[in-house]
Amino acid sequence: MIDVKYFIIRHLLSIPIFFGSWIAFQSGLGIHFALAGLFSIGTYALSNQLIKVVQSRLIVSKYGLTMAEYRHINTQLKEAKIKLKQLNGYYMKVRSIRAFKQLFEMNRLAKRIVQIVKTEPKKFYQVESFFYAHLETAVELTSKYTLLVSQPVKAYDVQIALQDTRETLLEINEVMELDLRQVLSSDIEHLKMELDFAKISLRKQETPLLLKGETLDGRKSIDS
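To keep things clear, this report deals only with the structure shown in the data block.

Criteria and cut-off values
- Residues numbered from 1 in each chain as written.
- Predicted model: local features only at pLDDT ≥ 70, side-chain atom pairs only at ≥ 80, totals over all residues.
- Heavy atoms only, no water.
- Helix = DSSP H or I, 4+ residues; strand = E, 2+ residues; numbered from the N terminus.
- Buried < 20%, exposed > 50% of the residue type's maximum accessible area, 1.4 Å probe, protein only.
- Contact = heavy atoms within 4.5 Å.
- Areas by Shrake-Rupley, 256 points an atom, 1.4 Å probe, with all protein chains shown as cover.
- Expected span 1.5 Å × (residues − 1).
- Bend = angle between axes of the 7 residues up to and from the residue.

Some points on the overall build of the chain
Consideration 1: Within the chain, the regular secondary structure consists of six helices and zero strands.
Consideration 2: The order of helices and strands in the chain, counted from the N terminus, is α-α-α-α-α-α.
Consideration 3: Counting every position in the chain, which comprises 224 residues, the buried fraction comes to 31%.
Consideration 4: For the chain, long-range pairs separated by at least 24 residues make up 70% of all intrachain contacts whose partners lie at least 6 apart in sequence.
Consideration 5: Surface exposure of the chain reaches about 15,000 Å², of which carbon and sulfur atoms provide 65%.

Here we look at helix H5 (residues 128-149)
Consideration 1: Taking 1.5 Å per residue, 22 residues should reach 32 Å; H5 reaches 31 Å between its end C-alpha atoms and fits that length.
Consideration 2: If you look at H5, its biggest bend is around 35°, right at His134.
Consideration 3: Listed in full, the buried residues belonging to H5 are Phe130, Phe131, His134, Leu135, Ala138, Val139, Leu141, Thr142, Tyr145, Thr146 and Val149.

Focus on the side chain of Thr146
Consideration 1: Note that Thr146 resides in helix H5.
Consideration 2: On the accessibility criterion, Thr146 (6% relative accessible area) is buried.
Consideration 3: When residues no more than four places from it in sequence are discounted, the contact partners of Thr146 are Tyr90, Lys93 and Val94.

Below is the structure:
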């Protein structure tokens, strides 16, 4: 979502620069229409890149990252997206409902983790093992599983290998679930703090109301 937002802003700012430079090159400098258009395209590309640099610096400043860290996280996210596409490609290759559900759950967990880190890049450091190992292992094991399950040979050793792979994939799912909990841990703690603060505020507001109610009851009893 961050990339899309900044992409739209970047091009909305560059389009007026493109047309303004075209008019300036053609009318102000007297350059030929077609040549002015080429220069304007170059100006557009240059302004786009400059705005992109400024946006990147705003992002790293917002999340307390260095430019090198931000680029590294972006690289890891791009690689994770490629691996997710690979996982999605195995849906039609599994041969059982159980394997399909397992693959679906694995994809769901992985996509959620990637989306959270994409939205808040600093959370990458809470789940580095997911990007460096867990997702890669999931892709490799799923690839081997779909290869074995598609073979016409149903020998005992093949069945054992399939069973072992299924069990390992289940363990990978559990590990990914822990990764998701880890990346959400700071948000959960923050939510708990907000809830505690809200409860304290509500108690403070309720106390004077109760006292006021007691006074009114007292007046009623005196009038009677």
